[in-house]
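Working through the structure, step by step
Read off the chains here:
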Amino acid sequence: MALLEAVMDCGFGNWQDVANQMCTKTKEECEKHYMKHFINNPLFASTLLNLKQAEEAKTADTAIPFLSTDDPPRPTFDSLLSRDMAGYMPARADFIEEFDNYAEWDLRDIDFVEDDSDILHALKMAVVDIYHSRLKERQRRKKIIRDHGLINLRKFQLMERRYPKEVQDLYETMRRFARIVGPVEHDKFIESHALEFELRREIKRLQEYRTAGITNFCSARTYDHLKKTREEERLKRTMLSEVLQYIQDSSACQQWLRRQADIDSGLSPSIPMASNSGRRSAPPLNLTGLPGTEKLNEKEKELCQMVRLVPGAYLEYKSALLNECNKQGGLRLAQARALIKIDVNKTRKIYDFLIREGYITKA
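In this text the structure is predicted, and so the values were computed from the model without any measurement. (Residues numbered from 1 in each chain as written. Predicted model: local features only at pLDDT ≥ 70, side-chain atom pairs only at ≥ 80, totals over all residues. Heavy atoms only, no water.)

This brings us to the environment of Asp343. Relative to the assigned elements, Asp343 resides in the loop between helix 15 (333–339) and helix 16 (344–357). Given the relative accessible area of 40%, Asp343 is considered partly exposed. At 3.1 Å, the side chain of Asp343 and the backbone nitrogen of Asn345 are in polar contact. (Helix = DSSP H or I, 4+ residues; strand = E, 2+ residues; numbered from the N terminus. Buried < 20%, exposed > 50% of the residue type's maximum accessible area, 1.4 Å probe, protein only. Polar contact = N/O pair within 3.5 Å; in protein donor to acceptor, adjacent residues only side chain to side chain.)

Below is the structure:
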């Protein structure tokens, strides 16, 4: 027992330290006795073999390897991809931090001794059972990750995006049940619904052809082309009617028409319009009669109309930005936002306009 305790304290192979702790044996005697009775003893051969097989089976259950055809990503520590992979290390087939990573802390001060009372012994066994259940939950989660191939999250997301949006919504909803039905059954379920969606869409398209009196696919191709053309024309008319009902002066109407002409010709418009986020955008500001309008050129008038900024305020902001740019030798967007206490989107449009027209330079 003294030899076993010394090997446990000093580590296997450190025979000089074991001999020093034993005090009565040399290191050669310690090594010879240990190897004879605990390593090469035929009575323990079958037991050691069983322990080795059990350890290999345990490793096979807990490791989460990639398939041989995959190229496991090897991100640097604490990079974005490493965080997406939850700290998975392909070379070790394990994670930097386990689920319930501090579960072992509850066992660090537990020591079973002979003079424990029955109640204390039962309490210690209960703590061990709780720890065992936490290990089971850890292995269950690893098995779900391995079976469903969730290590490479980006690859998993790319596979999900190959479905239509309606099927992606179903995929997102049913994802929480994937751990119950298993990976193969879950994929079959999603694929069957994707096939059903494609069939319904194709049936609807054929019914549309039948209603239109089309009897062959050559006529169907002509029908689809004409339908697409009609939709584009209708969309342009709708956009024009929606803009015209808010425009109060002819100059703003001409500006919108020029912008649409640039878009149709493939050119980027000079001044971006506010995006439609579910509500109608405000009409351009009418500058007629506003003080300071006569001091603006045509491009500055268009800017003030689109960002709905009165000319006097624009001239004041322009002067402040020009002075700061001359002092600093350049100006950054963050500095412009600090100088102009208005909506950040308006500030950016003014800043971009002054950069584009050469009034100021970037720092």
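Before going further, it helps to spend a moment on the pattern of salt bridges. Summed over all chains, the structure comprises 19 salt bridges. Between Asp100 and Arg134 there is a salt bridge, with the nearest N and O atoms lying 2.7 Å from each other. Residue Asp100 is located in the loop between strand 2 (94–95) and helix 6 (118–148), and its partner Arg134 is located in helix 6; the two are separated by 34 residues in the primary sequence. Here Asp100 falls in the partly exposed class, since its relative accessible area comes to 26%. One salt-bridge network, held together by shared partners, links Asp100, Asp106 and Arg134. (Salt bridge = Lys/Arg side-chain N within 4 Å of Asp/Glu carboxyl O.)

The next point concerns the confidence of the model for the protein. Taken residue by residue, the protein gives an average pLDDT of 78. The fraction at 70 or more is 79%. Helix 4 (residues 45–62) is the least confidently modelled element of the protein, averaging 55 in pLDDT, while helix 2 (residues 15–22) averages 90, the highest of any element. Confidence over residues 60–64 falls short of pLDDT 50; this stretch has 12 contacts with residues more than four positions distant or in other chains. Segment residues 271–278: pLDDT under 50, and 12 contacts once partners within four positions in sequence are set aside and those in other chains are kept. (pLDDT = per-residue confidence, 0-100. Contact = heavy atoms within 4.5 Å.)

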